[in-house]
Amino acid sequence: MGGDDVRTAVDEAVAVLSRVPDPTAPVLDTDVAGVVWHIGECLHWYGHDLLLGRVDLTAGRYERDPDAGYGRLVTGLTTWGEVLARVLDAADPGERGFPPFGSPAPAGFAAMACAEVLVHTGDVVEAVGLRWSPPVDVVVATLARVFPDAPTDTDPATTLRWATGRADLPGRPRPTSWRYASAP
């Protein structure tokens, strides 16, 4: 996985997130705008984490501007997606970065980013009642990279939501906890 996968996931997500009628609608423990900010924050950190290598940046802060309107948050998501994509495009496949749960290569960062974009966009569309189908090829690649034990004989989008504890799959218990298989 790489920069183009992140671009595809972000482009598809932004297309549906731009149609959200009410960015203050509740989603998870925040609202739509908070989820969009969170996705952008993840992309921001993944770019830094890969670019700076195995340096722990968790002491730093990236905070949401309370005055930023929803349009600025969506633009931020697009921008941080492109920043991460460019970092991925320039990275040597052997490079490693620092998230708290492993030291993934660029492909791991790309997959984690795609998972964040696709899963949280799914959270929003479920909460506000929009229809959306994430890009199947990106979902399949994401599952293979960060959820390698996930079933492959089920709908990929539902399987990604199942792997993150958000959906049921027939004959399989819903995970109560999960984490990315991000490294190597």
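The rules behind the values
Residues numbered from 1 in each chain as written. Predicted model: local features only at pLDDT ≥ 70, side-chain atom pairs only at ≥ 80, totals over all residues. Heavy atoms only, no water. Helix = DSSP H or I, 4+ residues; strand = E, 2+ residues; numbered from the N terminus. Rg over C-alpha atoms; globule rule 2.2 N^0.38 Å. Buried < 20%, exposed > 50% of the residue type's maximum accessible area, 1.4 Å probe, protein only. Contact = heavy atoms within 4.5 Å. Areas by Shrake-Rupley, 256 points an atom, 1.4 Å probe, with all protein chains shown as cover. Axes fitted to C-alpha atoms, helices over the stretch in contact; angles between N-to-C directions. Parallel < 35°, antiparallel > 145°, perpendicular 65-115°, else oblique.

Re the overall build of the chain
Counting secondary structure elements, the chain contains six helices and two strands. Counting from the amino terminus, helix and strand elements in the chain follow one another as α-β-β-α-α-α-α-α. For the chain, the C-alpha radius of gyration of 16 Å lies close to 16 Å, the compact-globule estimate for 184 residues. If one aligns the C-alpha atoms of the chain with their principal axes, the spans along those axes are about 45 × 40 × 25 Å. When each of the 184 residues of the chain is scored for burial, the buried share is 50%. In the chain, 67% of the contacts between residues at least 6 apart in sequence involve partners at least 24 apart. With the model as given, the accessible surface of the chain reaches about 8900 Å², and the carbon-plus-sulfur share is 53%.

Observations concerning the packing of helix 1 (residues 3-17) against helix 3 (residues 70-90)
Between helix 1 and helix 3, the least distance of the axes is 8 Å, while the angle of their chain directions is 170°. As judged from the angle between their axes, helix 1 and helix 3 are roughly antiparallel. Across from Gly-3, Asp-4, Val-6, Arg-7, Val-10, Val-14 and Leu-17 in helix 1, the residues of helix 3 making contact are Tyr-70, Val-74, Leu-77, Thr-78, Gly-81, Glu-82, Leu-84, Ala-85, Arg-86, Leu-88 and Asp-89.

Here's the deal with unusual backbone geometry
Unusually for a residue other than glycine, Leu-28 sits at a positive phi of about 50°. Counting through the fold element by element, Leu-28 comes out in the loop between strand 1 (26-27) and strand 2 (30-31).

Side note on the environment of Pro-135
By secondary structure assignment, the location of Pro-135 is in the loop between helix 4 (106-128) and helix 5 (136-146). A sequence separation of 92 residues divides Pro-135 from Leu-43, and the C-alpha atoms of the two residues are 18 Å apart. Ignoring anything within four residues of it in the chain, the contact list for Pro-135 reads Thr-8, Glu-12 and Leu-118.

A word on the environment of Thr-8
Its location among the elements puts Thr-8 in helix 1. On the accessibility criterion, Thr-8 (32% relative accessible area) is partly exposed. Between the C-alpha atoms of Thr-8 and Leu-169, which are 161 residues apart in sequence, the distance is 26 Å.

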